[in-house]
Amino acid sequence: MFTTTMDEMPLPLTELLATDLDDGFTELVRTQAGAVRSVLLRLSGSAREADDLGQETFLRAYSALRAYPVERLRQLQPRAWLLTIAANVWRNHLRTLSRRPGVADGVEAACAETLDAAPGPEQRALDGARRARLVAALSGLPDHHRLPVVLRYIGELSYQEMAAVLDCPVGTVKAQVSRGLATLRAEPALAVDRTWYGPAREERKEAAG
């Protein structure tokens, strides 16, 4: 039976970034790319746009990391930091779209695909329909409500982390999330999908945040 010595223990991500930026960045992408894509997918409603915006997010992240001093790399909060960049990339994308009249803001069917192949066809169809309704409802939220709701429930950030991402007080973030959820609850198409944003889940998030 083999044992692992302290010298062989993997370095924490922030320490790896500080000691070997390229290896650290590879690990950053491996561990956080899924969260970044999920957030961008729910914000944009488009799998293609989520992929493009995700690539832009990591390109900006790498450029920023190269300029950071070692101590800042060690103090980084990787997920919250990356989602800050992703949120800014998405906002810039919206501004670009607003200057291009006639661009559709639709929801792609790919956003509703189910990643888990274990359930049977009927369950996969049901899950896909639920995701489609949710993505459509999120796309209908005002941007200043959509982003906080997605960061909270898809990005799984605490309110303190969200306040840093959105550069506003925690109380403001909580109010934005509350208003966004109220709008979702009033959406008839989501009447059967309360488990995603219902009181029980909201209370668990409140306790964690």
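Just so you know, these numbers come straight off a predicted model, no measurement behind them.

Engineer: So what about the environment of Val70? Which residues, and what values?
Structural biologist: Here Val70 shows up in helix α4 (residues 70-74). Along the sequence, Val70 and Glu15 sit 55 residues apart, while their C-alpha atoms lie 8.9 Å from each other.

Engineer: So what about helix α5 (residues 78-98)? Which residues, and what values?
Structural biologist: Over its 21 residues, α5 runs 30 Å from end to end, which matches the ideal 30 Å to within 8%, given 1.5 Å per residue. Turning to α5, its buried residues are Pro78, Ala80, Trp81, Leu82, Leu83, Ile85, Ala86, Ala87, Val89, Trp90, His93 and Leu97.

Engineer: Any chance you could break down the pattern of salt bridges for me, citing the residues and the numbers?
Structural biologist: Close approach of charged atoms allows side chains with opposite charge to pair. Within this structure, the stated rule accounts for seven salt bridges. As a salt-bridge pair, Glu27 and Arg30 come within 2.6 Å of each other at their nearest N and O atoms. Of this pair, Glu27 and Arg30 both sit in helix α2 (residues 21-44), three residues apart, roughly one helical turn. The class for Arg30 is exposed, based on a relative accessible area of 60%. Its salt-bridge partner being Arg146, residue Asp143 comes within 3.1 Å of it at the nearest N-O pair. Of this pair, Asp143 and Arg146 both sit in helix α7 (residues 143-153), three residues apart, which is roughly one turn of the helix. A relative accessible area of 37% means that Asp143 is categorised as partly exposed. Among the charged side chains, a network of salt bridges with common partners joins Glu15, Glu71 and Arg74.

Engineer: Tell me about the side chain of Gln176, and please be specific about residues and values.
Structural biologist: In this structure, Gln176 sits in helix α9 (residues 170-185). Owing to a relative accessible area of 17%, Gln176 belongs among the buried residues under this scheme. Setting aside chain neighbours within four positions, we find Gln176 in contact with His144, His145, Pro148, Leu166 and Cys168.

Rules and cut-offs
- The residue count restarts for each chain, going from 1 along the sequence in the order it is written.
- Two thresholds apply to this predicted model, a pLDDT of at least 70 for residue-level local features and 80 or more for giving and counting side-chain atom pairs, whereas whole-chain, interface and lining totals are computed over all residues.
- Remark: hydrogens and water are excluded; side-chain values derive from all non-hydrogen atoms of the structure.
- Here a helix means four or more residues in a row that DSSP labels H or I, a strand means two or more in a row labelled E, and each is numbered from the N terminus.
- Any helix carries an expected span of 1.5 Å times its number of residues minus one.
- Between buried and exposed lies partly exposed: a residue is buried under 20% and exposed over 50% of the maximum accessible area for its type, with that area taken using a 1.4 Å probe on protein chains only.
- Definition used for salt bridges: Asp or Glu carboxyl oxygen within 4 Å of a side-chain nitrogen of Lys or Arg.
- We call two residues contacting when some pair of their heavy atoms lies within 4.5 Å.

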